[in-house]
Every structure is written in structure tokens, then in C-alpha cells.
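Residue-level listing of the chains:
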Amino acid sequence: QGCEDDAAPTGASSGVPSTSSSTFFGYFQPEYDTHFTDPSTNTFKFKRARFGVRGRVNRSFSYYAMIETSDFIASDGNVYLMDAFVTFDKYEWTKFSVGSFKQPFGLEVTTACHSLTTIDRSIVSDQLVAPQRDLGLMMLGGTSKTKFRYSVALMNGTGLGLKDNNTKKDIIGRASYKVFDFMTLGGSFRYGYPNTKDKDRTTLGGEVVLSYNAFKLQGEYIYDEGDYNRAAEGGCGSVPLELGDKRAGAYVMATYDLNEKFQPVFKYEYFDQDLDIKKIGYQEMMTIGANYFINKNTRIQVNYQNKIETGLSVDNDALLMQLQVKF
Amino acid sequence: QGCEDDAAPTGASSGVPSTSSSTFFGYFQPEYDTHFTDPSTNTFKFKRARFGVRGRVNRSFSYYAMIETSDFIASDGNVYLMDAFVTFDKYEWTKFSVGSFKQPFGLEVTTACHSLTTIDRSIVSDQLVAPQRDLGLMMLGGTSKTKFRYSVALMNGTGLGLKDNNTKKDIIGRASYKVFDFMTLGGSFRYGYPNTKDKDRTTLGGEVVLSYNAFKLQGEYIYDEGDYNRAAEGGCGSVPLELGDKRAGAYVMATYDLNEKFQPVFKYEYFDQDLDIKKIGYQEMMTIGANYFINKNTRIQVNYQNKIETGLSVDNDALLMQLQVKF
Amino acid sequence: QGCEDDAAPTGASSGVPSTSSSTFFGYFQPEYDTHFTDPSTNTFKFKRARFGVRGRVNRSFSYYAMIETSDFIASDGNVYLMDAFVTFDKYEWTKFSVGSFKQPFGLEVTTACHSLTTIDRSIVSDQLVAPQRDLGLMMLGGTSKTKFRYSVALMNGTGLGLKDNNTKKDIIGRASYKVFDFMTLGGSFRYGYPNTKDKDRTTLGGEVVLSYNAFKLQGEYIYDEGDYNRAAEGGCGSVPLELGDKRAGAYVMATYDLNEKFQPVFKYEYFDQDLDIKKIGYQEMMTIGANYFINKNTRIQVNYQNKIETGLSVDNDALLMQLQVKF
């Protein structure tokens, strides 16, 4: 959860958590974007600029807190507290976290923000798993090293910085299992009340990851129906779209590690704002790109986004270039 | 002063301040609140989420700076610089601080925010000692280990983030003395100009702390008259009330340490917005709760707040549950 | 660049950069200002309150990030990300930085904010080198120890927190050379598009520094013409003035180190908002002050600013007193 996957709260990596510790960490991502729209735009900006602290209080409790300082994520451009949670992690299969963290839904959303394979998450992850971050209580088990892992959370459902707008909490969960050495399957669900306690929302997701030597294929499908919160921001600064009663989307992404440093990536995705309406609100996008790992803390990402229209072709492709440094 | 009591600027604990140092520290408080109003509300939130740095520059100067990142304290929900001061602490009885810090008024206000016995301060502390934090210059002497201690400050009187709205500064002071091993008495005063230099405000406070083995009783009375600043926020995110020309309030709080970890607490308080008007604007509240110290850095607080109306009974009780982690 | 001059990203001071490191640092400046206007004002405030992290990723890459938390700089009073850049510094004469940093224009603007000789920069530096901070890419070479040094940057030109408002980037550059042991000369230029890609702006600057034993004389002249961005904030929280088509200003500043701790300073400056209009918009100011260095991390600055009117004399002098602590 949080922006790390299961980044060790220092010491946990050795198997036996140390007694007490504190680590200052962060990463930031200067970026140069060109949008081939008419008129075109280009700009230097930051994708993310995050600084945090994590550590252990004792053998049973760890903590994690991080602020986002990029002006280009929050709609008001202000600094805000992002993830901040305390975890009771004495027992590997029944850990508990309380505070603010990502909703445990979908593989791409729960992937650490500095470890994404493409610069942007897929449209469906940003549009349907909103709010991506929320306040609540989570039970979780397993790590990236175990075959099975799961998370179930009770959350406000209104996103960061807001009190719940109704008395019912949202329940969100995800589980994944490594069926074979080369295949991991996963599923997610969310049942909640975006606005009032009378109107509900149901979201379902399925994911698969296939690995074969240097080749990796990852796919995800998300289906969502019912009410939604028009005031909620889309994930990671994206502009929220108008949604119909039923909406869905998916992506498949393939990468190949040419060597330790260079990794080309191809991603195809679609998103349908309203399953009941044909053509309007349906979009497809292809991303062609590459990741270059200068070293384990510095990475260059280049992505060309080709948006495919069903009707008339529109000039809206984009070239994104990002440099990331992590410490 | 600040959010620490007299938390050592590292090294001072050994008696002889070290030459130079810097410590990153902080604490945050995820909370789950239920308000039994009609309609009722419940929500996950943060009470506070604070991160700071403190240290010594040399044997004579120390510094302290802290930001508040909780979205639920400032009225605009933004991150802000809270306490930030430089202290000339060469002589124990004539130390000087300059910067932003709490107004030295009253026992509860000057208690470090992570060491409060109940989740909320009393209504009178939040309503009458406003702004609780301010910019200015302070002279102070003594520590929590000395029998006597005092603080006198010249401050803007307009609170954090604002320039003074008039040319006269406010003077605020507090002194306490351990009369017997089991009894400490204290008094506070403030004389200032909340808006213009023609209209003044006078505030007086008295406090007593009694300790007997595991039992502790603490009480405080605050009286306030004259002008006040309607734009100033109440302490710690509380909504400021309309005040009459004279207003007052008090609380008594009893705790008993059942053992090292478990501490039940009972608090009774009242607040009168306008001493000249009977009944209207008078409120009483009882808080029943407990503190559970998981270890010295992790604490659970549960408080039930029972608001007592003089006239008709209204549904407005509340149950607050907080987990605090400190590092 | 940034707020440091060429403050070593830890380790570089030894000549051979270390492999990996991270340092938390910052400084803050409580200040007491009196303005002898009619009516007069006086207030405690912060000039700056900055906290950051810098370090090395490996032998070729370093990073630097800093937030400004003073309520008295940004026009909205909020915390914001100031400088944040990654530097490829493998080759001393062709270093590259990407992210947000100061526009490399003029000696005073590029002087680290905690090392300024007077509390305020000159009016011309604040008014014409706006935005002082921006997003972009910079090539630079040399250090404070080399005779020659240069910087050239491609930047949005719209300032921090904003995407570029047109497709053309601004180019800004500065070079300086130590002609004799006692004399350094420098020049700066900027050519950019403050609003649209049709209307340009050209800025030129010249600087000289003379040192003789404990005596130092520094002067700078800046000339600017063409379009400008009315929405851009002036440097360091100053109120931006209306500018004519051509504008210019200059200052000379003299200091004498009486001893290691005490340094009196005298500065004369003028600024002309519109070279085509006589008298109106022309201002002169003298600053008389002193710096007292308590130790290398703590400094007191006192400045008396005497504004000289060409026509009627107006009451607008100011006395500024600042304490700075750095860690």
C-alpha cells in the first residue's frame, strides 16, 4: 500500500524487524511533455515530487508518511499529505494499517508510483479507481515474495483530505495468486457509497501477469457500475470524465528487457465511459516507449501516446519524457 | 513552547548541550470519529500529522521547525509552517526565542500536542486562547524539572501566517510553581489588541495540578474580556464561537494510572460565551475516556464526549478513537 | 543554481564525489519589520523558511529539492516546492540540470538566498528577473573556485507551478570571469516569450565585483524591454510593478569586514519602471545596514531602507531586523 509496494519499513528486509528506526526518503520526476494538439503545447513540469519518512516503532508497529509537493497533481496545485499510515505487522497474514493509503484495487493502481512501466497509468485505472487514495483501515497479508497476497479495506470513499460524506463505509479488496512460476492471477472488488447512503457503486477487476525470461505481459480489466462522485479527482491529476451508469476499460502491456538497463514497452488500452452508448465516449490508446535505468535510483522514461479515435481522426498524440531520481 | 514541552533540542538532556546537531522528528494521529447527531456522521480522518526538525547550532543557539500536514486542521486544509523558532538558551533563566510558537498561556495550551490526556483540549482553551499559535519574541526560564518556570512573550496577536493588523503588540505570560511535591500552581495573563490599537483585550487564567501516586487531578479557569478577532481560527481546527464582552470557562480532569500502559480519564468542563446572558451560549461537557500506551511512541486514545444542554436535550454526543505514532 | 550557490551535494567538496548520500538541510529567517509609513506598521514575520534534501545518486548524478514554508512569500501564503533538480555533473564544464531552479541571470539573483548581503535583493533584481524561479533544462560549467563559470538554460518562462503558456521556450544565460584577483566581471541575457509566441522580451545585465582586503564593492545593471507577464509574481514575494516598454535599474553595494563577525553594508540603487516617461515610476533607495555573524550558521541582519522620492517626500522608510539560522 502507499507509494511503496511492500518497501521494507527498514529492517524488515532481513526477516527480523529491527526495534526502532526512521528513514527519510523520496523521489521526484521532472518531465517534458509535448502534446501534438492544434494548437500544440509543450512544457517542462513535474509529474511527482514526493518526500517522506518511514520506520519502525517497535517489533509490531511500523509507520509511513509522505507528502506530494508537485504543483501539477492536486487540482489546486498545493502540497498535501498523501499516504500516512501506521501498520501493525506482527503477523504476516493479518497485518492492519490505519490512516491514508491507496485503495487496494487493481494491479496498476497498487504498483508503486516510481515503479510504473509507463509514465501514465491506464485511463481505466485513473478514471474508475477514483479516489485512488483514501482514508481508512486495512487488513492485509503476504508480500511480494509470497505466492498469495491479499488486502481488504474499509474506507471513507471520499478521498484524501475529506470527511466521509455519508455514514456508510466503502469496502475494497484485492487478492493475487502465483498459479505458476510464469503466471500470476488477481482479482479486485469495491462496493461503496460515493455520495449518499442510498446509492451504491460496484467495481470489479481482473488481472493477469505472464513472465517468460526477459519478456513480461500484463493485462487488466475493470468494470464499474452505479453512482460516482463527480467532485472526486481522477487518479494522479487526470481530469475526471463524465461516466454513464456502466463503464469499463482494459489494457495489455508488454515489455522486454533487452539488457539490465534498457526496456522497451508497448501498451494498448481502451476505456468506455458509458457502455450503453455506442461510439461516443469510447477511446483507445497505444503507448510505445522505453525505460532506461541509469542505475537503480535514476531512470529515464520516454512514451509516445497515440490516441485512436473511432470517428474522425483528431490531433491529440503526445510525447512524454521523464527523468526520475529516487533516494 | 512549540509542540514539544521542553523536548531537548538533542544533547541538552545530558546537561551539557552538544555543539551541533539536527534531528528529524514528527508524529501523526489517524482518528475515527462518530458523532451521534441527527443525522449522525462518522469518518476516518487525521487529527494532526506533523513533521519537523530540531537541533543545535552551537552551545548557545538551538532551533526547532515543524509543519502541519493534516488536511483537517487549517480552515483551508493546506499544509502550513507551524512552530519555527530559534532559541538563545545559554542561560537557563533568561532564554529567548524568536519566531512562531504557542502563546504561553494556560497549562493545557502549553502541553505538547502529542501528550494531551484527552483527544480534544477543553472548549475554553480552544476558544479563548485564540490564536493559540502566533509570531513573536519570548523570554523564558526553567524547565519541566525545575520547581519554578515562566514565559513572557511579545507577539503580533494575529496568529500564524499573518502580519500584525495594528502597531501594538500583545503581551502574554505564564508562570507556575511547584508549591508541594503533590501540588503545582500556575497563572497566566494576556493583554493585547486583537484588531485595532484602540480596543484591547484582557485574559486571565489560573491552574492547579495535584498528584498523589497514580492519581492526578488537573484544573484550569480562564476569564477573558474585551475585543476579539472574529477572523482568528479557534485552537486546533475548532470552529470559533461568537463571544460576548465577557466570557469564561473551566475544566477539571482526573486520571488514574491503573498500570504503566492503561490510564482512564474523566473530564468535566463548561464554557460560557457571554457572561452577561443567562442560559444561551452556556455549555457543559463530560469526557470519559482511556489512554492505552502500546509503547512510549504509540498510543491509543478513546474518548466519549457527552455534551450537556441546560435547556432541551440535543443529540450531539461523540465517540473519538485515535491512534498516535511518534518518531 | 537553486538556493545554494554551488553547495556541494555532499562529498563533492573532497574533489571526488562519493557514491551515494543524502543530507537534510534548511534555514529559516524570523524577522521584525517596521515601516515608517503613515500610518506606520510593524510586525513579526518570516522572510523565508526552507527545508530540503540534497545528495548524490552515484558519481554522475546528484539531486537537490527544497520547499518554501514561509507564509509571507507566495501570494497565496501556501507551502510550495521551490527548487528541485537532478544534475548530471560528471564533467565539470558540461553539467546538466533538469527540474526547477533559478533563472541564471544576474549576480544578485543567483546568490544563495541565505548569503545575501542585504535583507532584500535590489528592486531591479526582483522586478525584472521575474519569474526568478522557473522550470527547465540548464547546461552549466565551473564553480565558485574556477576563474570562469557559465550557465545557459531553456525554461518555460512562466515560473514555478505553471505549465508554459506558449510553445516557445525562453533562453537565459550568464557568464562571469575573474579578470584580476581583485576584479570579477559578468554578463547575463534572457530572450523569451512571457505570454504568447508572437511577443518577445529581451533582458540584458552586466555586473562587476571588486575586492580589496576587507573591502568589497559590487554593482549590477539590468536593462529589459518588450512584453512581460503581469501575472508573474515579483521575486521573493515583492509586489510586481507596472512596466513600460523599456525599463532598467542598477545598484552598487559596498561592504567592509571590520572583523570576522561584523560587516557594515551600504547600498544605493535605482529602478525605472518606464524609461520613456520622466519622473513617474522612477525610484531610488539607500540601504544602510550591518551583518553580524554569531557563528557560521547564525546571522543577524539589520537594514535601514531610505527611499528617495524625486518629487514630494513621502514617509516610506523601513527598518528590517532578521535572525537567520541554517542547518
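Analysis parameters
- Residues numbered from 1 in each chain as written.
- Chains lettered and ligands numbered in written order.
- Predicted model: local features only at pLDDT ≥ 70, side-chain atom pairs only at ≥ 80, totals over all residues.
- Heavy atoms only, no water.
- Helix = DSSP H or I, 4+ residues; strand = E, 2+ residues; numbered from the N terminus.
- Contact = heavy atoms within 4.5 Å.
- Areas by Shrake-Rupley, 256 points an atom, 1.4 Å probe, with all protein chains shown as cover.
- Lys, Arg positive; Asp, Glu negative; His and termini not counted.
- Charge placed at Lys NZ, Arg CZ, Asp CG, Glu CD.
- Core = buried A, V, L, I, M, F, W, Y, C linked by side-chain atoms within 4.5 Å.
- Buried < 20%, exposed > 50% of the residue type's maximum accessible area, 1.4 Å probe, protein only.
- 1 Å grid on protein atoms, 1.4 Å probe; cavity = no way out; pocket = protein on both sides within 12 Å on 5 of 7 lines; lining within 4 Å.
- Points joined across faces, edges and corners; volume = space filled by probe spheres on them.
- Nonpolar A, V, L, I, M, F, W, Y, C, P; charged D, E, K, R; others polar.
- Buried area = accessible area lost by both parts, 1.4 Å probe.
- Salt bridge = Lys/Arg side-chain N within 4 Å of Asp/Glu carboxyl O.
- Pairing = 2+ DSSP bridges.
- Least-squares fit on C-alpha atoms with pLDDT ≥ 70 in both.
- Polar contact = N/O pair within 3.5 Å; in protein donor to acceptor, adjacent residues only side chain to side chain.
- Patch = residues over 30% accessible without salt bridge, like charges linked within 9 Å, V, L, I, M, F, W, Y side chains within 5 Å.
- Phe/Tyr/Trp six-rings, centres within 6.5 Å; stacked < 30°, edge-to-face > 60°.
- Lys NZ or Arg CZ within 6 Å of the ring centre and 35° of its normal.
- pLDDT = per-residue confidence, 0-100.

Considering the overall build of chain A
When helices and strands are tallied, chain A shows two helices and 16 strands. Here the C-alpha coordinates of chain A stretch approximately 60 × 55 × 45 Å along the principal axes. Looking at chain A alone, contacts between residues at least 24 apart form 55% of all its contacts between residues at least 6 apart. Summing over all exposed atoms, chain A offers an accessible surface of approximately 13500 Å²; the carbon and sulfur share of this is 60%. A gap of 7 Å separates the mean positions of the 36 positive and 39 negative side-chain charges of chain A.

A few points about the nonpolar core
Soluble, globular proteins show a tendency: their nonpolar side chains are buried together. By size, the foremost hydrophobic cluster in this structure holds 66 residues, and its most contacted members are F28(A), F51(A), F28(B), F28(C) and F51(C). Filtering out sequence-adjacent residues up to four positions away, F51(C) remains in contact with V53(B), A65(B), L81(B), F24(C), F25(C), G26(C), F28(C), A65(C), M66(C), I67(C), T69(C) and F327(C).

Some details on empty space enclosed by the protein
Under the counting rule described, the total for this entry stands at nine cavities of 30 Å³ or more. Approximately 320 Å³ is the volume attributed to the largest cavity. The wall of the largest cavity is formed by 22 residues, among which F24(A), F24(B), I67(B), F24(C) and I67(C) lie closest to the centre. The set of elements that each furnish at least two residues to the lining of the largest cavity consists of β2 (41–56) and β3 (61–68) of chain A, β2 (41–56) and β3 (61–68) of chain B together with β2 (41–56) and β3 (61–68) of chain C. Taken together, the residues of the lining of the largest cavity break down into 19 nonpolar, three polar and no charged. Space inside the second largest cavity adds up to approximately 90 Å³. Looking at the lining of the second largest cavity residue by residue, the classes come out as six nonpolar, two polar and one charged.

Looking at the interface of chain B and chain C
Taken together, the contact between chain B and chain C spans 34 residues of the former and 26 residues of the latter. Buried area between chain B and chain C, summed over both chains or domains, comes out near 2300 Å², and the portion from carbon and sulfur atoms is 74%. Considering only the side of chain B, the residues that lose the most area to chain C are V57(B), L81(B) and T167(B), jointly responsible for 21% of the buried surface there. Our enumeration of links across chain B and chain C arrives at zero salt bridges.

Concerning the pairing of strand β1 (residues 21–35) of chain C
Residues and elements named next belong to chain C. Bridging between β1 and β2 involves 14 bridges; their strand directions are antiparallel. Bridged to D33 within β2 is T43. Counting the residues that bridge the hairpin from β1 to β2 gives five residues. In this structure, β1 lies alongside strand β16 (residues 318–326), joined through seven bridges in antiparallel fashion. Of the residues in β16, the one forming a bridge with Y32 is M321.

Some remarks on the relation of the copies chain B and chain C
For the pair chain B and chain C, the superposition axis carries a translation of 0.0 Å, the fit reaches an RMSD of 0.0 Å, and the rotation angle comes to 120 degrees. What the superposition gives is, in effect, a three-fold axis relating one chain to the other. Relative to the rotation axis, the closest C-alpha in chain B is found at V79(B), a distance of 3.7 Å. A share of only 9% of the interface residues of chain B reappears at the interface of chain C, consistent with the copies meeting through non-equivalent patches.

Re the relation of the copies chain A and chain B
Of the transformation placing chain A onto chain B, the axial shift is 0.0 Å and the rotation is 120 degrees, giving an RMSD of 0.0 Å. Comparing interface residues between copies, only 9% of those in chain A also sit at the interface in chain B, which points to a heterologous contact through distinct surfaces.

Looking at the interface of chain A and chain B
With 34 residues of chain A at the interface, the matching set in chain B holds 26 residues. Summed over both partners, the interface of chain A with chain B buries about 2300 Å², with 75% contributed by carbon and sulfur atoms. One can count zero salt bridges joining chain A with chain B. There are six residue pairs in polar contact (both at pLDDT 80 or more) connecting chain A and chain B. When residues of the side of chain A that touches chain B are traced back to their parent elements, those giving at least two are β1 (21–36), β3, β4 (80–88), β5 (95–102), β6 (133–141) and β7 (148–155) of chain A. Split by residue class, the side of chain A that touches chain B holds 20 nonpolar, 10 polar and four charged.

Concerning a nonpolar patch on the surface
Residue and element names in this part refer to chain A. A surface patch of nonpolar side chains, about 890 Å² in accessible area, is lined by Y212, F215, L217, Y256, L258, F262, Y292, I300, V302 and M321. Elements represented by at least two residues in the nonpolar patch include exactly β11 (215–226) and β15 (298–308). Residue position: F262 is located in strand β13 (residues 262–272).

Topic: the side chain of D134(A)
Residue and element names in this part refer to chain A. Note that D134 resides in strand β6. Polar side-chain contacts of D134 include one of 3.0 Å to the side chain of Q103. A distance of 3.2 Å separates a polar atom in the side chain of D134 from the backbone nitrogen of G159. Not counting residues up to four positions away in its chain, the partners in contact with D134 are G99, S100, F101, Q103, M155, N156, G157, T158, G159 and L160.

Quick notes on a negative patch on the surface
Together, D76(A), E233(A), D76(B), E233(B), D76(C) and E233(C) make up a negatively charged patch on the protein surface. Within the element layout of this structure, E233(B) appears in the loop between β11 (215–226) and β12 (246–256). Judged by relative accessible area, which is 37%, E233(B) ranks as partly exposed.

Remarks on the environment of I171(B)
Residues and elements named next belong to chain B. Here I171 shows up in strand β8 (residues 170–180). Sequence separation between I171 and E207 is 36 residues; the distance between their C-alpha atoms is 19 Å. Beyond its immediate chain neighbours, meaning those up to four positions away, I171 contacts V152, A153, L154, F189, R190 and Y191.

Some remarks on the packing of aromatic side chains
For any pair of aromatic rings, the description consists of the separation of the ring centres together with the inter-plane angle of the planes. All names here are of chain B. Across all of its chains, the model carries 57 aromatic pairs over all chains by this definition. When the centroid spacing of 5.4 Å and the interplanar angle of 5 degrees are considered together, the rings of F180 and F182 count as stacked. In this structure F180 comes out as partly exposed when scored by relative accessible area, which is 44%. One residue, R54, lies across the ring of F25, its end atom 4.5 Å from the ring centre. For the cation-ring pair, K267 lies above Y251, with the distance from its terminal atom to the ring centre recorded as 5.1 Å.

Observations concerning the pattern of salt bridges
Applying the stated criterion to the full structure yields 33 salt bridges over all chains. With its nearest N and O atoms 2.6 Å apart, the salt bridge here joins R56(A) to D89(A). With a gap of 33 residues between them, R56(A) in strand β2 and D89(A) in the loop between β4 and β5 connect regions that are remote in the sequence. Its relative accessible area of 2% is what places R56(A) among the buried residues. In this structure D89(A) comes out as buried when scored by relative accessible area, which is 16%. Note that R201(C) and D224(C) form a salt bridge whose closest N and O atoms lie 2.7 Å from each other.

Overview of the side chain of T203(B)
All names here are of chain B. Relative to the helices and strands, T203 resides in strand β10 (residues 201–212). Polar side-chain contacts of T203 include one of 2.7 Å to the side chain of D224. Those residues within four positions of T203 in sequence are excluded, and the remaining contacts are F105, S188, F189, R190, I222, Y223 and D224.

Observations concerning unusual backbone geometry
Residues and elements named next belong to chain A. Along the chain, D38 connects to P39 via a cis peptide bond; the corresponding omega equals 0 degrees. Phi is positive for N213, which is not a glycine, with a value near 50 degrees. The residue N213 is located in the loop between β10 (201–212) and β11 in this model.

Regarding the confidence of the model for chain A
The predicted coordinates of low-pLDDT regions are not to be read in fine detail. Per-residue confidence for chain A gives a mean pLDDT of 91, with 93% of residues at or over 70. Under a pLDDT of 50 for its full length, residues 8–18 of chain A has, in the predicted model, 24 contacts with residues more than four places off or in other chains.

Details of the pairing of strand β1 (residues 21–36) of chain B
Residue and element names in this part refer to chain B. In sequence, β1 turns back onto β2 through a hairpin of four residues. In the sheet, β1 pairs with strand β16 (residues 317–326) via eight bridges, with the strands oriented antiparallel. Bridge pairing links Y32 to M321 in β16.

A closer look at the environment of A49(A)
Structurally, A49(A) is set in strand β2. For the pair A49(A) and T69(A), spaced 20 residues apart in sequence, the C-alpha separation works out to 5.3 Å. Sequence-distant contacts of A49(A), defined by excluding residues within four places in its chain, comprise Y27(A), F28(A), I67(A), E68(A), T69(A), S70(A) and L81(C).

What about the environment of K261(C)?
All names here are of chain C. Along the chain, K261 turns up in the loop between β12 (246–256) and β13 (262–272). What makes K261 partly exposed here is its relative accessible area of 35%. Separated by 30 residues in sequence, K261 and N291 have C-alpha atoms that sit 7.8 Å apart. If near-sequence neighbours (up to four positions away) are discounted, K261 is found in contact with N291, Y292, F293 and I294.

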